[in-house]
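What follows is the residue order along each chain.
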Amino acid sequence: MKRNLILIAIVFVFLAGYVIVSHHHYCGEVRFNRQRWEERPDERYKMLNSLRDQYKIVGMSLYEITNLLGEKDLFASGQGNIIQYYISPGIGDPELLVIYFNQDAIAYKYKIDVS
């Protein structure tokens, strides 16, 4: 009986560890990396906190931001002072990183938006 309880406890610990590691892998944050940002747009939402921590978007120039995030998935608004990047396609409306620029092409605000 004691042996069965120990065996069950060991199996439970391994299963709990597996679930935690799997959850972190699929839902956890990922450190921002430009190459991964461009190659894996489906994982961009995992990099947002790291991107915000590593780079102060507000105050960066349009050139610096496009150099950092690329131009491949860049969408400029008709107003000329807003750019957008897809964060996650999702089901239904996609999430977007929307960055606003002043007349000197310096970012003064950004937000995550659902279009």
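Refer to the structure above for everything that follows.
So, a few notes on the structure that sits alongside this text. Just so we're clear, the structure is a prediction, and the values are computed from it rather than from any experiment.

Another aspect to go through is the pairing of strand 4 (residues 107–114). Note that strand 3 (residues 95–101) and strand 4 share seven bridges and pair antiparallel. Of the residues in strand 4, the one forming a bridge with phenylalanine 101 is alanine 107. If you look at the hairpin formed by strand 3 and strand 4, you'll find five residues sitting between the two strands, and alanine 105 has a positive phi there, around 65°.

For the structure on display, the rule yields four aromatic pairs. Measuring from centroid to centroid gives 6.3 Å for tryptophan 37 and tyrosine 85, while their planes differ by 70°, and the two rings are edge-to-face. Of this pair, tryptophan 37 sits in helix 2 (residues 34–39) while tyrosine 85 sits in strand 2 (residues 82–88), and the two are 48 residues apart along the sequence. Both residues of the pair, tryptophan 37 and tyrosine 85, count as buried. Through a chain of ring-to-ring contacts, the aromatic side chains of Phe32, Trp37, Tyr55 and Tyr85 assemble into a single cluster. Positioned above the aromatic ring of tyrosine 100 is the side chain of lysine 109, whose terminal nitrogen or guanidinium carbon lies 4.5 Å from the ring centre.

Along the polypeptide, glycine 70 turns up in the loop between helix 4 (62–69) and strand 1 (74–76). Along the primary structure glycine 70 and arginine 34 are separated by 36 residues, whereas in three dimensions their C-alpha atoms are 7.9 Å apart. Residues in contact with glycine 70, not counting those within four places in the same chain, are Arg34, Glu38, Ile65 and Tyr85.

The next subject is the pattern of salt bridges. The final tally for this structure, using the stated rule, is four salt bridges. One salt bridge in this structure joins arginine 34 and glutamate 38, with 3.0 Å as the shortest N-O distance. Of this pair, arginine 34 and glutamate 38 are both found in helix 2, four residues apart, which corresponds to roughly one turn of the helix. Among the ionic pairs, arginine 40 bridges to glutamate 43, the shortest N-O distance being 3.3 Å.

Cut-offs used in this document
- Counting restarts for each chain, with residues numbered from 1 along the sequence as it is written.
- Residues qualify for local features only when their pLDDT is at least 70, as the model is predicted, and side-chain atom pairs are given and counted only at 80 or more; totals for whole chains, interfaces and linings, by contrast, use all residues.
- Based on all heavy atoms of the structure, the side-chain values leave hydrogens and waters out of the count.
- Only strands that DSSP links by at least two bridges are regarded as paired with each other.
- Segments assigned H or I by DSSP are reported as helices when at least four residues long, segments assigned E as strands when at least two residues long, and all are numbered from the N terminus.
- Classification of ring pairs uses Phe, Tyr and Trp, with its six-membered ring standing for Trp, and accepts pairs whose centres are within 6.5 Å; under 30 degrees between planes counts as stacked, over 60 as edge-to-face, and the remaining range as tilted.
- Burial classes: relative accessible area under 20% of the type maximum marks a residue as buried, over 50% as exposed, and values in between as partly exposed (1.4 Å probe, protein chains only).
- Geometrically, a lysine NZ or arginine CZ counts as sitting over a ring once it is within 6 Å of the ring centre and also within 35 degrees of the ring normal.
- Working rule for contacts: check all heavy atoms of both residues, and any pair within 4.5 Å makes them a contact.
- We define a salt bridge as a contact between a side-chain nitrogen of Lys or Arg and a carboxyl oxygen of Asp or Glu at a distance within 4 Å.

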